[in-house]
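Survey of secondary and tertiary structure
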Amino acid sequence: MSDEIMQRLSTEGVDPLALAGVNDGNLVELAKRLGVRVSLRGDTLTLHGPLSAVERAAEVAQALVDLARMGDTLDVSDVDRVLSEEAQGTLGRAATGGPGGPGGPGVDGEYKIILPGLRRVIAPKTAGQRDYLHAIAQYDIVIGIGPAGTGKTYLAVAAAVDALARKRVRRIILARPAVEAGESLGFLPGDVQEKVDPYLRPLYDALEDMMPRDRVQKAIDSRTIEIAPLAYMRGRTLSDAFVILDEAQNATGMQMKMFLTRLGVNSRAVITGDKTQIDLANREDSGLLQVERILPGIEGIGFCYLSDTDVVRHRLVRDIIRAYAEDAQG
């Protein structure tokens, strides 16, 4: 047809399988969603179809190529997420540069974190994640609020490991409140360590994705990395440390104040939480809700809000989160 055009994009340096997906599933999804024909041959991705559709597809396809070039293996959920960003006008949006130039300390101009010992880079996949990483680079205290699957903990741990590798801090401290769904530590079997391990396991998992397991264990043995329940922070001063408080919605107001006042010289803190997952008997006791009310406006503290559009798990997770949110509002 005369009104059809063809556009080629370079995919040089990109693993074709990482971009195209299993059985070319990513390309098939892109073609189906945008009404274009897509083919990948050698180092060239070709788009063919109506002018308006090809122009839109080229922007989406370039974002997918950029993700694959960073070392990510993409799937259909990545195509879906990039399409959502494009529809909302946030595709490719980067936060403004922080101290020390774009990206600030520990994050380069493209917001990639390159960790020693890993053959891949850790990079934000959504505009919200880019803003979150930039906030971590810019502020001494960052409060990241958003639903499950948005990478709040994962990216914070990556930034902490990066800061340790660059010798910007001397240790990493990861903490979680030991409050879950009505369970009490006193009724769980085993010694204290065995009782708290189930609560802390997600932090171990994130760490082991950033560092070889033997290095993680060695760092824990030397106390360079400490993973502990929030209650263990009482009475301490945390200096030269990158401190992460995870699942902060389950910290009480008193616990949150205790945590924030532990910070010492040359320390940074990231607090993550999901306001829809408060397990405390009285929701209003949540320290996360309290800091959201009283800390905005303090210089050096940054708030970053992630949403269901930043979910990077299975594509159904975002739809599930939206369904629950709509039910709660109804």
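In this report, we go over the structure that sits alongside the text.

Parameters and conventions
- Residues numbered from 1 in each chain as written.
- Predicted model: local features only at pLDDT ≥ 70, side-chain atom pairs only at ≥ 80, totals over all residues.
- Heavy atoms only, no water.
- Helix = DSSP H or I, 4+ residues; strand = E, 2+ residues; numbered from the N terminus.
- Contact = heavy atoms within 4.5 Å.
- Axes fitted to C-alpha atoms, helices over the stretch in contact; angles between N-to-C directions.
- Parallel < 35°, antiparallel > 145°, perpendicular 65-115°, else oblique.
- Left-handed = near helix turned anticlockwise from the far one by under 90°.
- Nonpolar A, V, L, I, M, F, W, Y, C, P; charged D, E, K, R; others polar.
- Pairing = 2+ DSSP bridges.
- Buried < 20%, exposed > 50% of the residue type's maximum accessible area, 1.4 Å probe, protein only.
- Right-handed = clockwise from strand over helix to strand, strands pointing away.
- Core = buried A, V, L, I, M, F, W, Y, C linked by side-chain atoms within 4.5 Å.

1. Some details on the environment of Gly 49
Secondary-structure assignment places Gly 49 in strand β3 (residues 44-50). Counting along the chain gives 42 residues from Gly 49 to Gln 7, while the straight-line C-alpha distance between them is 9.0 Å. Every residue in contact with Gly 49, bar those within four places of it in the chain, is listed here: Asp 3, Glu 4, Ile 5 and Val 54.

2. Some points on the packing of helix α3 (residues 51-69) against helix α4 (residues 76-88)
Contact geometry for α3 and α4: axes closest at 10 Å, N-to-C directions at 130°. One element, α3, and the other, α4, form an angle in the oblique class. Considering how the two elements wind past one another, α3 and α4 form a crossing that is right-handed. Contacts between α3 and α4 pair Arg 56, Glu 59, Val 60, Ala 63, Leu 64 and Leu 67 from the former with Asp 78, Val 79, Val 82, Leu 83 and Glu 86 from the latter. Of the residues belonging to the contact of α3 with α4, the class tally is 7 nonpolar, no polar and 4 charged.

3. Structural notes on the sheet that holds β3
The 3 strands are arranged β1-β3-β2 in an open sheet whose pairing can be described as antiparallel. Two strands bound the open sheet, and with one partner strand each, they are β1 (4-10) and β2 (37-41). Pairwise comparison of adjacent strand axes, ignoring direction, gives a mean angle of 20° for this sheet.

4. A word on the pairing of strand β9 (residues 241-245)
Among the 5 residues of β9, 5 are classified as buried, and the element is accordingly described as predominantly covered. Across the two faces of β9 the burial is the same, with Ala 241, Val 243 and Leu 245 and Phe 242 and Ile 244 all buried. The sheet contact formed by β9 and strand β10 (residues 268-273) spans 4 bridges and is parallel. Among the inter-strand pairings, Leu 245 is bridged to a residue of β10, identified as Ile 271. The β-α-β motif built from β9, the intervening helix α9 (residues 253-260) and the parallel element β10 has right-handed crossover chirality.

5. As for α9
Of all 8 residues in α9, 6 are buried; the element is thus mostly enclosed. Taken together, the buried positions of α9 are Gly 253, Gln 255, Met 256, Met 258, Phe 259 and Leu 260. Contact partners of the buried residues in α9: β6 (141-145), β9, β10 and α10 (287-294).

6. A few points about the sheet that holds strand β11 (residues 301-305)
An order of β8-β7-β9-β10-β6-β11 is seen for the 6 strands of this open sheet, with the pairing classed as parallel. Edge positions in the open sheet fall to β8 (225-229) and β11, since each of these has one partner strand only. Strand-to-strand twist across the sheet, computed as the mean angle between neighbouring axes with direction ignored, equals 15°. Here helix α5 (residues 127-138) sits on the sheet and contacts β6, β9, β10 and β11; the angle it forms with β10, its principal contact strand, is near 150°. Each of β6, β10 and β11 is contacted by α10, which is oriented at about 120° to β6, the strand it contacts most.

7. Re the nonpolar core
Formed by 35 residues in total, the largest nonpolar core has its most connected members in Tyr 132, Leu 207 and Phe 242. At 9 residues, the largest contribution of residues to this core is made by helix α6 (residues 152-165). Those residues in contact with Leu 207, other than ones at most four positions away along the chain, are Val 157, Val 161, Leu 174, Val 216, Ile 225 and Ile 227. Counting 27 residues, the second-largest nonpolar core is a separate cluster that includes Ala 20, Leu 30, Val 36 and Val 54.

8. Details of the pairing of β8
In regular strands, side chains alternate between the two faces of the sheet. Of all the 5 residues making up β8, 5 are buried; the element is thus mostly covered by neighbouring parts of the structure. Where strand β7 (residues 171-176) and β8 come together, 5 bridges link them in parallel fashion. Opposite Arg 176, over in β8, you have Pro 229 as the bridge partner.

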